[in-house]
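# Working through the structure, step by step
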Amino acid sequence: MISLSDIPARPAAWITLPMVVLATVLLATPWLLPAVGLYQYLGIEIAIWIIFALGFNLLFGYTGLHSFGHGAYLGIGAYAFGLFQHNVAVSLWGGLLAAVLTAGVAGALVGAFLSHRRGIYYALLTIGFGQIFWFLAMKLHRVTGGEDGLLGIPRPPLTLGSWQVALTDNRALFYFAAALLLIVVVLGWRLANSPFGRVLQAIRQNETRARFVGYEVWRFKWAVFTLSAILAGLAGSLLAMAQQGAYPDVMSLHQSGLVVMMVLVGGGLVSFWGPVLGVVFYFVARDVLGGLTETWLLWYGLIFMAMVILRPEGLAGMLHGLSRRRPRLQPAPAPATEAA
Amino acid sequence: MALFEARNIHKRFGSRVVLENISLSFEAGQVSGIMGPNGAGKSTCFHVLTGQHKPDRGEVTFDGQRISGLPPQRIARMGVSRSFQLMNLFDDTVVIENVMLALPAFRARRLHAMAAVFSDRVLIDQALAVLDQVGLAGRAWDAAASLSYGDRRALEIAVALAAEPRILFLDEPTSGLGIEATRRLAQLVKRLRDRYTIVMIEHDMRFLFELADRISVIHWGQVIAEGPPAQLADNKWVRRSTLAEATHA
Ligand SMILES: Nc1ncnc2c1ncn2[C@@H]1O[C@H](COP(=O)(O)OP(=O)(O)O)[C@@H](O)[C@H]1O
Ligand SMILES: [Mg+2]
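Quick look at the structure, then. (Residues numbered from 1 in each chain as written. Chains lettered and ligands numbered in written order. Predicted model: local features only at pLDDT ≥ 70, side-chain atom pairs only at ≥ 80, totals over all residues. Heavy atoms only, no water.)

### Some thoughts on the coordination of the magnesium ion (ligand 2)
All names here are of chain B. Coordination of the magnesium ion (ligand 2) by the protein is provided by Ser 43 (OG) and Gln 85 (OE1), with metal-donor distances spanning 2.1 to 2.2 Å. One end of the pair, Ser 43, is in helix α1 (residues 42-50); the other, Gln 85, is in the loop between β6 (80-82) and α3 (95-102), with 42 residues separating them in the sequence. Looking at Gln 85, the relative accessible area reads 28%, which means it is partly exposed. (Donors = N, O, S within 2.8 Å, 3.2 Å for Na, K, Ca; no water. Helix = DSSP H or I, 4+ residues; strand = E, 2+ residues; numbered from the N terminus. Buried < 20%, exposed > 50% of the residue type's maximum accessible area, 1.4 Å probe, protein only.)

See below:
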């Protein structure tokens, strides 16, 4: 089976072909969606969940750490954004910063508890912490609005210097989310092939060996957990703007499980692009299957199970398999052999 | 004083005493051998010396510094490298990355999150030089999982060498190797002995007697004999097992 780590990226371009494809698709999305009978808001949702899923996969696919309570940090980002608008100032950048910092601090604290754990204990603790945050969101009525959620979160305008543009229109908000998504993709890809990212992957492959070649494994686990919480917080702030509210349901165990399913179906275990494919597939399945039948989630669940059993490498693995079947013109020359 | 010393090490798992008052010392620049029957506690001894297990009693010092009780990553960073009896590689990636990850230069870059590993000439050249030492430079960009058993053993050693160790622990490096691969490994160790301090657990007597300056025999969790190979050849236990090996062969 192919794996996330087996095809080292070289030479190191900041921008790769799949990124150009993604950017093009994103650019065209506001025209594509209505053309196939879908609506603008879907694009926003997809962009938000891709950011969330990419951050999640740094932990899940790259480092091999199984977090099943990650929705908590998405929710924390959303509440932090909303509370900032209500209590501090109506400001896009202020809200984003508040969301990222709050989710980051929560992630750093939880990560400190988790990072000395392995396997099932790690996974169970992530669920435990996720439930605690969900419970707090439900019970701290005066802060979060409890079950009803935090309502009336504005969409502050985007200001860059003297330039200002409103994000009240769904198309404008989509482009803003898409721009953030592209930044996350470029930096995430860079990170995955950096020394830091390769140590994360080494930990997934063989934690014991990583220790014996001298790495403080728990610090890397802590750092990547915090980083993925930060990205969840970023996604959460966009979600608060999109929904113009923050609700506890994204923090539930159910929603936390959803991102795991999306990433697995997309092929997050074998490809950087797995989360992107998985999120798009989920939302398209939701809207297309959902338009045909009430029981679409059952069908999605069956697809998920079939995938796990028959195609554990997911959509990305299937695409990869197709591209491999085509004969290569020439074996890729290793740039290093001339030095050998 | 010896470069690496273990004094009065005790280790037990539950009620099972595995190491009982073991004292060993390894001189800089020498090849020290450890032999003994299966289950004698040799690997456990390595685990204690390199930080995988804490000793229940006793002390380990490296270059005069106490290291017992430190975690393996700390001990590794001080210049103690090891290979494993059951192979312990990064199997989802290419051969060269196994070695790169162990390079001190890589460790120095471990927090670089925006630099590209596989276009870093320094890392690639250093890793290729290490692979060259064990004869694997030509396989650098192959999947680690695609190597033959013997080549994986060699890669195990390359990973340990990449750390630029001051002392190298090898746990049964010939285990599972055929005659030819064992011969090649012996040549490799001969080349390495000029530059490294080596401690080697080995059940292949001929291999060990040819290479080691000193040998310690561990049995029932204790050191039952110690000395240069020539002196040990007369030891009762050693004679019995060499005899056994000869009749097996
Ligand atoms: N983690 C452990 N828990 C319990 N028993 C162990 C553990 N590790 C080793 N042992 C026991 O200690 C004894 C020595 O094992 P080991 O050091 O691997 O022997 P050797 O390497 O000399 O063949 C064996 O009986 C083994 O079952
Ligand atoms: Mg052993």
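### Focus: the interface of chain A and chain B
Each partner contributes residues to the interface: chain A has 38 residues there, and chain B has 41 residues. Between chain A and chain B, a total of about 3,500 Å² is buried, with carbon and sulfur atoms accounting for 63% of that surface. Sorting the residues of chain A by area buried against chain B places Pro 195, Arg 209 and Phe 212 of chain A first, and these three jointly supply 22% of that buried surface. Linking chain A with chain B are four salt bridges, by the criterion used here. Ionic pairing is found between Asp 92 of chain B and Arg 204 of chain A, a salt bridge with its closest N-O pair at 3.3 Å. Contributions of two or more residues to the side of chain A that touches chain B are made by α7 (170-192), α8 (195-205) and α9 (207-212) of chain A. Here the side of chain A that touches chain B gets seven residues from one element, more than from any other, and that element is α8 of chain A. (Contact = heavy atoms within 4.5 Å. Buried area = accessible area lost by both parts, 1.4 Å probe. Salt bridge = Lys/Arg side-chain N within 4 Å of Asp/Glu carboxyl O.)

### Notes on the environment of Ile 127 of chain A
Residues and elements named next belong to chain A. Structurally, Ile 127 is set in helix α5 (residues 119-139). Judged by relative accessible area, which is 24%, Ile 127 ranks as partly exposed. Along the chain, Ile 127 and Val 260 lie 133 residues apart, while their C-alpha atoms are 13 Å from each other. Contact partners of Ile 127, with chain neighbours within four places excluded, come to Phe 68 and Leu 253.

### Concerning the pattern of salt bridges
All names here are of chain B. One pass over the structure, following the stated rule, counts 24 salt bridges over all chains. Between Arg 7 and Glu 59 there is a salt bridge; the shortest N-O distance is 2.9 Å. With Arg 7 in strand β1 (residues 4-13) and Glu 59 in strand β4 (residues 57-62), this pair connects stretches of sequence that are 52 residues apart. Across the salt bridge formed by Asp 63 and Arg 166, the nearest N and O atoms sit 2.9 Å from each other. In this pair, Asp 63 sits in the loop between β4 and β5 (65-66) while Arg 166 sits in the loop between α6 (149-162) and β7 (167-171), placing the two residues 103 residues apart along the sequence. Among the residues examined, Asp 63 registers a relative accessible area of 43% and is labelled partly exposed. Taking relative accessible area as the criterion, Arg 166 reaches 40% and is therefore assigned partly exposed.

### Considerations on the pairing of strand β2 (residues 16-26) of chain B
As paired strands, β1 of chain B and β2 of chain B are joined by seven bridges and run antiparallel to one another. Bridge pairing links Phe 4 of chain B to Phe 26 of chain B in β2 of chain B. (Pairing = 2+ DSSP bridges.)

### Digging into the site of ligand 1
Residues and elements named next belong to chain B. Around ligand 1, the structure places Phe 13, Arg 16, Val 18, Pro 37, Asn 38, Gly 39, Ala 40, Gly 41, Lys 42, Ser 43 and Thr 44. Here an oxygen atom of ligand 1 sits 3.2 Å away from a polar atom, N or O, in the main chain of Ala 40. Surface burial for ligand 1 is 64%, taken as the share of its 560 Å² of free accessible area covered by protein chains. Elements with a contribution of two residues or more to the shell around ligand 1: β2 and α1. Top contributing element to the shell around ligand 1 by residue count: α1, with three residues. (Near = heavy atom within 4 Å. Polar contact = N/O pair within 3.5 Å; in protein donor to acceptor, adjacent residues only side chain to side chain. Areas by Shrake-Rupley, 256 points an atom, 1.4 Å probe, with all protein chains shown as cover.)

### A short note on the sheet that holds β7 of chain B
Residues and elements named next belong to chain B. Ordered by their spatial adjacency, six strands build an open sheet running β6-β7-β8-β3-β9-β10, and the pairing between neighbours is mixed. Of all the strands in the sheet, just β6 and β10 (222-227) have a single pairing partner and so form its edges. Each adjacent strand pair in this sheet contributes to an overall mean axis angle of 20°, direction not counted. Bridging between strand β9 (residues 214-219) and β10 involves five bridges; their strand directions are antiparallel. Within the sheet, the bridge partner assigned to His 219 lies in β10 and is Gln 222. Strands β3 (31-35), β6, β7, β8 (197-201) and β9 of the sheet are contacted by α1, whose axis makes an angle of about 150° with β7. Against the sheet, α6 contacts β6 and β7, and its axis sits at roughly 155° relative to β7. (Axes fitted to C-alpha atoms, helices over the stretch in contact; angles between N-to-C directions.)

### Quick notes on the nonpolar core
Counting residues in each nonpolar core, the largest one holds 163 residues, and the members touching the most others are Tyr 73 and Phe 176 of chain A together with Ile 96, Leu 131 and Leu 155 of chain B. The element that contributes the greatest number of residues to this core is helix α2 (residues 40-62) of chain A, accounting for 16 residues. In this structure, Leu 155 of chain B is in contact with Leu 89, Val 95, Asn 98, Val 99, Leu 131, Leu 136, Ala 144 and Leu 147 of chain B, ignoring residues within four places of it in sequence. Counting residues in each nonpolar core, the second largest holds 25 residues, with Phe 4, Ile 9, Phe 46 and Ile 218 of chain B among its members. (Core = buried A, V, L, I, M, F, W, Y, C linked by side-chain atoms within 4.5 Å.)

### With respect to a nonpolar patch on the surface
On the surface, Trp 14, Ile 15, Leu 17, Val 20, Val 21, Val 25, Leu 32, Ile 183 and Leu 187 of chain A together with Met 114 of chain B cluster together into a nonpolar patch covering about 910 Å² of accessible area. For the nonpolar patch, the elements supplying multiple residues, two or more each, are α1 (17-35) and α7 of chain A. Of the residues forming the nonpolar patch, the biggest block, five residues, is contributed by α1 of chain A. Residue placement: Trp 14 of chain A occurs in the segment before α1. (Patch = residues over 30% accessible without salt bridge, like charges linked within 9 Å, V, L, I, M, F, W, Y side chains within 5 Å.)

### Topic: the side chain of Ser 115 of chain A
Residues and elements named next belong to chain A. On the secondary structure map, Ser 115 appears in the loop between α4 (92-114) and α5. By relative accessible area, which is 2% here, Ser 115 ends up buried. Here the side chain of Ser 115 touches Gly 111 through a polar contact of 2.5 Å, landing on its backbone oxygen. Looking at Ser 115, its side chain comes within polar contact range of the main-chain nitrogen of Trp 222, at 3.2 Å. Setting aside chain neighbours within four positions, we find Ser 115 in contact with Trp 218, Lys 221 and Trp 222.

### Things to note about the sheet that holds β4 of chain B
Residue and element names in this part refer to chain B. Spatial ordering of the open sheet is given by β2-β1-β4-β5, a layout of four strands whose pairing is antiparallel. The open sheet is flanked by β2 and β5, the only strands paired with a single partner. α1 rests against β1, β2 and β4 of the sheet, and its axis sits at about 65° to β2.

Nothing here speaks to function; it is geometry throughout.
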